[in-house]
Amino acid sequence: MKIGTPKETYTGERRVAMTPDSAIALQKLGHTCVVETGAGQEAGFLDADYKAAGVEVVKTAAALWKAADVVAKVRAPDATEMKRLREGQTLISFFSPVADEAKMQSAAKKGATVVAMEMIPRISRAQKMDALSSMANIAGYRAVIEAGNNFGRFFTGQITAAGKVPPAKVLVVGAGVAGLAAIGTSTSLGAITYAFDVRPEVAEQVESMGAEFVYLDFEEEQTDGAATGGYASVSSPEFREAQLAKFRELAPEVDIVITTALIPNREAPELWTEDMVAAMKPGSVIVDLAAEKGGNCKLTVADEKIVTDNGVTIIGYTDFPSRMATQASSLYATNIRHLMTDLTPEKDGVINHNMEDDMIRGATIAHAEEVTFPPPPPKVAAIAAKPKKEAAKELTPEEKRAAETAAFQTQTKNQVILLAVGAAVVLGIGMIPGMPASFMQHFIVFVLSVFIGFQVIWNVAHSLHTPLMAVTNAISSIIILGALIQIGSTSALITLLGGLGIFMASVNIFGGFLVTRRMLAMFQKS
């Protein structure tokens, strides 16, 4: 089939849904590719680059829509593009089925198939096609860059001859994909970073990136975000009040606030109120990544940057991914390419739109002259939520001592049994008629070497076990013991081989410990 990508018609949109690299991968699936002249120019991809990749370049959008069996684009189609959509054609783009219900109905009536990229279900198999996450990652990174561009100070603290510069304090509200990207960028720039999310299970992720998680003194049975497709659940009014109270407490302290709380196909919740903005210091910056859906900040104006009376800059741009068009286009085109790989299982250039597939069904909003939105729940949960474990019963000191004594007795009993069995085996081998004394001497040394090596490794904490420190070290110890016995042989060859064995086994042992030390040093804070 022929896959076409037109030039985006949305004002200010610089991204493109097909890059020369993704086109090469699509052709390997048996498809042919076509783009409109200048479609990738603002993202840094010239027509000559597409031609070099074997892509046909057509002059007009009308010609492209007429020629293509599959149209892949970024933004939802405008009125003109909807008129060009025809029966049997497949459209892949962001679509917003709730806001664009009329367009969705129109596409279904025409007999076209529409795949909405924001509807890709959040299941493990579909992560490579998750365009929302790809774009959110870029938006989170770019939000920090925009904040730094409008912030009048350093992010990192400095001590100079001219004086001491304190580090900036950054608060990231929402620790989803965009939030984590913002946290990573902020901490890498040296700012003191705080993060808040209604899902307490993300606290470890936040802290692992060097930020401080903001906890609330409030207990509420929260719906597991993982079980709801990876998004935060709606909180109770009481929880919201506790959350706003915490933000009011932080507002005078923080220099930069980045809000990322947004669930697809819903209005953005208001989290940063007017009085919080008024409490912030002059020169502070707010970047609202939810501006397109109303904004998390009360004063946000979509697609604009404003400065309040008290000197706080509020950025409400809705095109953060487009501001990094080359990177965003590469990631989005890769998402499209992975989607086409699933739609072309035989790699023969023929699309198999299997509506029994959870991923394909979830993303399809119109197919076979029917509106297929909203999709049914996926057969497999997005991310399996951990079942809650019952709290372990607290043991009394007497019960603990009794349990420890019983465990020690069991361990001792098992060791005695093993030693008895081992002694019986050695004795049995020694009683075999004609068994040379030298063999028994070597065999006993071998058994003792195995026993000592096992005991040494068994008593090392499991967290310290590495491939170089565990089994191979025990084997090397056995080799060294055997070589030490043989090195006193009257044969020069045996002595040489014994010396080489000791040398190589020693290198393995000491090398294992050195590697282990370096591995442990990676997890130590400097």
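What counts and how
- Residues numbered from 1 in each chain as written.
- Predicted model: local features only at pLDDT ≥ 70, side-chain atom pairs only at ≥ 80, totals over all residues.
- Heavy atoms only, no water.
- Pairing = 2+ DSSP bridges.
- Helix = DSSP H or I, 4+ residues; strand = E, 2+ residues; numbered from the N terminus.
- Contact = heavy atoms within 4.5 Å.
- Axes fitted to C-alpha atoms, helices over the stretch in contact; angles between N-to-C directions.
- Salt bridge = Lys/Arg side-chain N within 4 Å of Asp/Glu carboxyl O.
- Buried < 20%, exposed > 50% of the residue type's maximum accessible area, 1.4 Å probe, protein only.
- 1 Å grid on protein atoms, 1.4 Å probe; cavity = no way out; pocket = protein on both sides within 12 Å on 5 of 7 lines; lining within 4 Å.
- Points joined across faces, edges and corners; volume = space filled by probe spheres on them.
- Nonpolar A, V, L, I, M, F, W, Y, C, P; charged D, E, K, R; others polar.
- Core = buried A, V, L, I, M, F, W, Y, C linked by side-chain atoms within 4.5 Å.
- Lys, Arg positive; Asp, Glu negative; His and termini not counted.
- pLDDT = per-residue confidence, 0-100.
- Right-handed = clockwise from strand over helix to strand, strands pointing away.
- Polar contact = N/O pair within 3.5 Å; in protein donor to acceptor, adjacent residues only side chain to side chain.
- Parallel < 35°, antiparallel > 145°, perpendicular 65-115°, else oblique.
- Left-handed = near helix turned anticlockwise from the far one by under 90°.

1. Quick notes on the sheet that holds strand 2 (residues 32-36)
Moving on, step 1. Taken in spatial order, the 8 strands of this open sheet run 3-2-1-4-5-6-16-17, and their pairing is mixed. For this open sheet the edge positions go to strand 3 (56-58) and strand 17 (370-371), each flanked by a neighbour on one side alone.
Moving on, step 2. In this sheet, strand 17 lies alongside strand 16 (residues 364-367) in antiparallel orientation, the contact comprising 2 bridges. Among the inter-strand pairings, histidine 367 is bridged to a residue of strand 17, identified as glutamate 370.
Moving on, step 3. Sitting on the sheet, helix 11 (residues 325-343) is in contact with strand 1 (2-5), strand 4 (70-72), strand 5 (90-93) and strand 6 (113-116), with an inclination near 140° to strand 5.

2. Overview of the pattern of salt bridges
Moving on, step 1. Taken as a whole and judged by the stated rule, the model has 17 salt bridges.
Moving on, step 2. The salt bridge partner of glutamate 292 is arginine 75, with a shortest N-O separation of 3.7 Å. One end of the pair, glutamate 292, is in the loop between strand 13 (285-288) and strand 14 (305-307); the other, arginine 75, is in the loop between strand 4 and helix 4 (79-84), with 217 residues separating them in the sequence.
Moving on, step 3. Look at arginine 75 and you get buried, because its relative accessible area is 14%.

3. Notes on empty space enclosed by the protein
Moving on, step 1. For the coordinates displayed, the defined rule picks out 1 cavity of 30 Å³ or more.
Moving on, step 2. Size it by volume and the largest cavity reaches roughly 50 Å³.
Moving on, step 3. Lining the largest cavity are Lys7, Glu8, Glu13, Arg14, Arg15, Gly38, Ala39, Gln41 and Glu42.
Moving on, step 4. Its residues assigned to classes, the lining of the largest cavity shows 1 nonpolar, 2 polar and 6 charged.

4. A closer look at the nonpolar core
Moving on, step 1. By size, the foremost hydrophobic cluster in this structure holds 40 residues, and its most contacted members are Ile92, Met117, Tyr332, Leu339, Met340 and Met359.
Moving on, step 2. Counting residues per element, the ones that place at least two in this core are helix 1 (20-28), strand 2, strand 4, helix 6 (131-150), helix 11 and helix 12 (358-363).
Moving on, step 3. With 7 residues, helix 11 is the largest single contributor of residues to this core.
Moving on, step 4. Here methionine 359 is in contact with Ile120, Pro121, Ile123, Arg125, Ala126, Met129, Leu339 and Asp342, once residues within four sequence places are set aside.
Moving on, step 5. Val170, Ile183, Val202 and Tyr317 belong to the second-largest nonpolar core, a separate cluster that totals 30 residues.

5. Quick look at the sheet that holds strand 15 (residues 313-315)
Moving on, step 1. Pairing in this open sheet of 7 strands is mixed, and the strands run 11-10-9-12-13-15-14 from one edge to the other. Looking along the sheet, the strands with just one partner apiece sit at the ends: strand 11 (212-213) and strand 14.
Moving on, step 2. Of the pairings in the sheet, the one linking strand 10 (residues 192-196) to strand 11 comprises 2 bridges and is parallel in character. Its bridge partner lying in strand 11, tyrosine 194 is registered against glutamate 212.
Moving on, step 3. Its contacts with the sheet place helix 6 against strand 12 (256-259), strand 13, strand 14 and strand 15, and it is angled at close to 155° to strand 13.

6. A short note on the side chain of aspartate 100
Moving on, step 1. Its location among the elements puts aspartate 100 in the loop between strand 5 and helix 5 (101-110).
Moving on, step 2. The side chain of aspartate 100 is buried and forms no salt bridge, while lysine 103, the nearest opposite charge, is found at 4.6 Å.
Moving on, step 3. When sequence neighbours within four positions are dropped, the list of residues in contact with aspartate 100 reads Ala76 and Phe95.

7. Examining the confidence of the model for the protein chain
Moving on, step 1. Looking at the protein chain, the pLDDT average stands at 87 and 88% of residues meet or exceed 70.
Moving on, step 2. Confidence drops under pLDDT 50 across residues 223-228; counting only partners more than four residues distant or on other chains, this segment forms 14 contacts.
Moving on, step 3. Per-residue pLDDT stays below 50 along residues 382-386; that stretch engages in 11 contacts with residues further than four places along the chain or on separate chains.

8. Points about the pairing of strand 12
Moving on, step 1. Neither face of strand 12 is left uncovered, since the one carrying Ile256 and Ile258 and the one carrying Val257 and Thr259 both have all their residues buried.
Moving on, step 2. Relative to strand 12, strand 9 (residues 169-173) runs parallel, the two being bridged by 4 bridges. In the sheet register, valine 170 faces strand 12, and the bridge partner there is isoleucine 256.
Moving on, step 3. Note that strand 12 and strand 13 share 4 bridges and pair parallel. Following the sheet pairing, threonine 259 is matched in strand 13 by aspartate 288.
Moving on, step 4. Each parallel crossover has a hand, and for strand 12 linked through helix 10 (residues 274-279) to strand 13 it is right-handed.

9. What to know about the pairing of strand 9
Moving on, step 1. Strand 9 sits mainly inside the fold: 4 of its 5 residues count as buried.
Moving on, step 2. As judged from the 5 bridges shared by strand 9 and strand 10, these two strands associate in the parallel manner. When the bridges of strand 10 are listed, leucine 171 appears paired with tyrosine 194.
Moving on, step 3. Taken together, strand 9, helix 7 (residues 177-188) and strand 10 constitute a β-α-β crossover, and its handedness is right-handed.

10. Some remarks on the side chain of aspartate 130
Moving on, step 1. For aspartate 130, the position within the fold is in the loop between strand 6 and helix 6.
Moving on, step 2. At a separation of 3.3 Å, a polar atom in the side chain of aspartate 130 contacts the side chain of arginine 122.
Moving on, step 3. Excluding residues within four positions of it along the chain, aspartate 130 makes contact with Ile120, Arg122 and Asn335.

11. Some words on the packing of helix 6 against helix 11
Moving on, step 1. With their axes 9 Å apart at the nearest point, helix 6 and helix 11 run at an angle of 165° to one another. Viewed along their axes, helix 6 and helix 11 adopt a mutual orientation that is roughly antiparallel. The chirality of how helix 6 crosses helix 11 is right-handed. On helix 11, the residues touching Ala131, Ser134, Met135 and Ile138 of helix 6 are Gln327, Ala328, Leu331, Tyr332 and Asn335.
Moving on, step 2. Class assignment for the residues of the contact of helix 6 with helix 11 results in 6 nonpolar, 3 polar and no charged.

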